[in-house]
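Fold and geometry: a report
What follows is each chain in one-letter form.
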Amino acid sequence: APVLPNGMAFLGETNKWASMSFGRVASLEVDSKDISISVIGAPAEIVYFTYMDNAMKVDEFSQVKCIFPASCSESDQHGNNYCRLSLTCRRDRGCTCDGLQLKESSLRGQIV
């Protein structure tokens with residue numbers, strides 16, 4: 001993953017073959033302090049995103065758990081409902097989904 005202007009690296013869903021797919025990440029914006037990501041998921045889906053708060057420490061990773069709401073108002077061209085969450089990451093503060101830091105864990109030396 002590239003080192004972003006704020007010194008972080010966002011690895012996405014490291015348990016998936018494509019960790020940053022267009023089907024999951026609707027948009028990604030980066031500035032000198034924050035990473036803002038619009039994330040798409042199914043109702044009640046749980047996803048884990050991995051990131052490096054300081055990309056210079058190559059063996060230190062963190063994960064944040066995001067839980068999509070049980071019902072969603074948006075639907076795709078096939079009529080399937082989907083939800084959007086806002087994932088925000090700030091260096092030295094970690095990542096949150098829609099402002100809630102539901103779960104964050106530190107990982108050393110391996111990506112799960």
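Preceding this paragraph is the structure being described.
Residues numbered from 1 in each chain as written. Predicted model: local features only at pLDDT ≥ 70, side-chain atom pairs only at ≥ 80, totals over all residues. Heavy atoms only, no water.

So, on to the state of the cysteines. Working definition: the covalent bond between the sulfur atoms of two cysteines is a disulfide. The final tally for this structure, using the stated rule, is 3 disulfides. What pairs with Cys66 in a disulfide is Cys97, and their sulfur atoms sit 1.6 Å apart. In this pair, Cys66 is assigned in strand β5 (residues 60-67) and Cys97 in strand β8 (residues 94-97), connecting sequence segments 31 residues apart. Cys66 gets classed as buried once you look at its relative accessible area, which sits at 1%. With a relative accessible area of 3%, Cys97 lands in the buried category. Cys89 shares a disulfide with Cys95; S-S distance 2.0 Å. The chirality of the disulfide connecting Cys89 with Cys95 is right-handed, given an S-S dihedral of about 110 degrees. Comparing Cys89 with Cys95 shows no difference in burial state: the two are buried. (Disulfide = S-S within 2.5 Å. Helix = DSSP H or I, 4+ residues; strand = E, 2+ residues; numbered from the N terminus. Buried < 20%, exposed > 50% of the residue type's maximum accessible area, 1.4 Å probe, protein only.)

Here Ser73 lies in the loop between β5 and β6 (74-75). On the basis of relative accessible area, Ser73 is assigned to the exposed category, the value being 75%. Separated by 11 residues in sequence, Ser73 and Arg84 place their C-alpha atoms 9.7 Å apart.

Before going further, it helps to examine the pattern of salt bridges. Counting across every chain of the model gives 4 salt bridges. The shortest N-O distance in the salt bridge between Arg24 and Glu13 comes to 2.8 Å. Of the two residues, Arg24 sits in the loop between β1 (9-12) and β2 (25-30) while Glu13 sits in the loop between β1 and β2, which places them 11 residues apart along the sequence. With a relative accessible area of 8%, Arg24 lands in the buried category. Arg24 is paired through a salt bridge with Glu45; the nearest N and O atoms lie 2.8 Å apart. (Salt bridge = Lys/Arg side-chain N within 4 Å of Asp/Glu carboxyl O.)

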